[in-house]
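One-letter residues, chain by chain:
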Amino acid sequence: DTGVSQNPRHKITKRGQNVTFRCDPISEHNRLYWYRQTLGQGPEFLTYFQNEAQLEKSRLLSDRFSAERPKGSFSTLEIQRTEQGDSAMYLCASSLDRGEADTQYFGPGTRLTVL
Amino acid sequence: AQSVAQPEDQVNVAEGNPLTVKCTYSVSGNPYLFWYVQYPNRGLQFLLKYITGDNLVKGSYGFEAEFNKSQTSFHLKKPSALVSDSALYFCAVRAAMDTGRRALTFGSGTRLQVQP
């Protein structure tokens, strides 16, 4: 059973650099989500895709953040000009549209540290 | 706006004793409610969810949760705690009426510590 995978698992970067994270959802899952989790807090929603369409974006997703899911399979999250406040765990989740409250399954996350 | 409150930062329980992790929510209309568990340096694992119907929901690893609409609560329970249950537990909510929105709103988490 292959779950949601995320790469890299850890990323250390200097302030001002750009970083890109990748998420591979569970195969056949048509929905994909990005969340951010800081220490001591629950995950906060960033954005959501249904197939390749980005349908929902949080106010947390500033202009420096961009997410894509070009072929409706894997997704990338890019952060430009990173700031120390971007340090967090970035979680990806996927789900299958079953017409009701579909369950989001999470990957292991990418931990970003901005120095 | 929807919100979740987990009033206890930490819950301590002895192995073999019953455990309860509390969650209250605020949402417009009917809720969809979820519990997830997070182990160190890991992503969230789904435990159970309430959509509609029976107020008592059974999930993975012997956990269950009781939906109480009048008290807007969705407490997580287990009859007999195991040391391996020690982890961080998150409650999450989404409004059922918001068919166009899929974002879950999470609580701040409750750390469960089961002592041997």
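Conventions and cut-offs
- Residues numbered from 1 in each chain as written.
- Chains lettered and ligands numbered in written order.
- Predicted model: local features only at pLDDT ≥ 70, side-chain atom pairs only at ≥ 80, totals over all residues.
- Heavy atoms only, no water.
- Helix = DSSP H or I, 4+ residues; strand = E, 2+ residues; numbered from the N terminus.
- Buried < 20%, exposed > 50% of the residue type's maximum accessible area, 1.4 Å probe, protein only.
- Contact = heavy atoms within 4.5 Å.
- Salt bridge = Lys/Arg side-chain N within 4 Å of Asp/Glu carboxyl O.
- Buried area = accessible area lost by both parts, 1.4 Å probe.
- Polar contact = N/O pair within 3.5 Å; in protein donor to acceptor, adjacent residues only side chain to side chain.
- Nonpolar A, V, L, I, M, F, W, Y, C, P; charged D, E, K, R; others polar.
- Pairing = 2+ DSSP bridges.
- Axes fitted to C-alpha atoms, helices over the stretch in contact; angles between N-to-C directions.
- Phe/Tyr/Trp six-rings, centres within 6.5 Å; stacked < 30°, edge-to-face > 60°.
- Lys NZ or Arg CZ within 6 Å of the ring centre and 35° of its normal.

It is worth spelling out the environment of S3 of chain B at this point. All names here are of chain B. Along the chain, S3 turns up in strand β1 (residues 3–5). Owing to a relative accessible area of 35%, S3 belongs among the partly exposed residues under this scheme. In this structure the C-alpha to C-alpha distance between S3 and P18, which are 15 residues apart in sequence, comes to 27 Å. Excluding residues within four positions of it along the chain, S3 makes contact with T24, Y25, S26, V93 and T105.

Our next topic: the pattern of salt bridges. All chains considered together, the criterion is met by nine salt bridges over all chains. Close ionic contact of R102 of chain B with D102 of chain A constitutes a salt bridge, the shortest N to O distance being 3.1 Å. A residue pair is termed interchain when its members come from two chains, as with R102 of chain B in the loop between β10 (87–95) and β11 (105–106) and D102 of chain A in the loop between β9 (88–95) and β10 (105–106). Summarising the burial analysis for this pair, R102 of chain B and D102 of chain A share the class buried. Between K77 of chain B and E66 of chain B there is a salt bridge, with its nearest N and O atoms 3.4 Å apart. In this pair, K77 of chain B is assigned in strand β9 (residues 73–78) and E66 of chain B in strand β8 (residues 64–68), connecting sequence segments 11 residues apart. The exposure class assigned to K77 of chain B is partly exposed, which follows from its relative accessible area of 28%. A single network of salt bridges, built from pairs that share partners, joins R31, D97 and D102 of chain A together with R102 of chain B.

Turning to the interface of chain A and chain B, a few remarks are in order. Counting residues at the interface gives 23 residues for chain A and 21 residues for chain B. Carbon and sulfur atoms supply 52% of the area that chain A and chain B bury against each other, a total of about 1700 Å² over both sides. Three residues stand out in chain A for area buried against chain B, namely E56, A101 and F106 of chain A, and they jointly supply 27% of the buried area on that side. Applying the counting rule to chain A against chain B returns one salt bridge. Connecting chain A to chain B are seven residue pairs in polar contact (both at pLDDT 80 or more). When contributions to the side of chain A that touches chain B are tallied by element, the ones reaching two or more residues are β4 (31–37), β5 (44–50) and β10 of chain A. Here the residues of the side of chain A that touches chain B sort into 10 nonpolar, seven polar and six charged.

All names here are of chain A. On the basis of which strands lie adjacent, the open sheet formed by four strands has the order β1-β3-β8-β7 and antiparallel pairing. Each end of this open sheet is capped by a strand with a single partner; those strands are β1 (5–7) and β7 (65–68). In this sheet, neighbouring strand axes are inclined to one another by 15° on average, regardless of whether the strands run parallel or antiparallel. Where β1 and strand β3 (residues 19–24) come together, three bridges link them in antiparallel fashion.

Right, let's talk about the pairing of β9 of chain A for a bit. All names here are of chain A. Within β9, eight of the eight residues are buried, which leaves it mostly tucked inside the rest of the structure. Two strands pair when backbone bridges link them, and β9 and strand β11 (residues 110–114) are joined in this way by three bridges, in the antiparallel orientation. Opposite M89, over in β11, you have R111 as the bridge partner.

Overall, the coordinates contain 16 aromatic pairs over all chains when judged by the stated rule. Geometrically, the ring pair formed by Y35 of chain A and F106 of chain B is edge-to-face, given 5.8 Å between the ring centres and 90° between the ring planes. On the criterion of chain membership, the pair formed by Y35 of chain A in strand β4 and F106 of chain B in strand β11 is interchain, its members lying in two chains. Each of the two residues, Y35 of chain A as well as F106 of chain B, counts as buried. Ring plane angle 50° and centroid distance 5.8 Å describe the contact between Y36 of chain B and F106 of chain B, whose orientation is recorded as tilted. Within this pair, whereas Y36 of chain B is found in strand β5 (residues 31–38), its partner F106 of chain B is found in strand β11, the two being separated by 70 residues in sequence. Taken together through their ring pairs, the aromatic side chains of Y35, F45, Y105 and F106 of chain A together with F34, Y36, F46, F90 and F106 of chain B make up a single cluster. The aromatic ring of F74 of chain A is capped on one face by R22 of chain A, whose charged end is 3.9 Å from the ring centroid.

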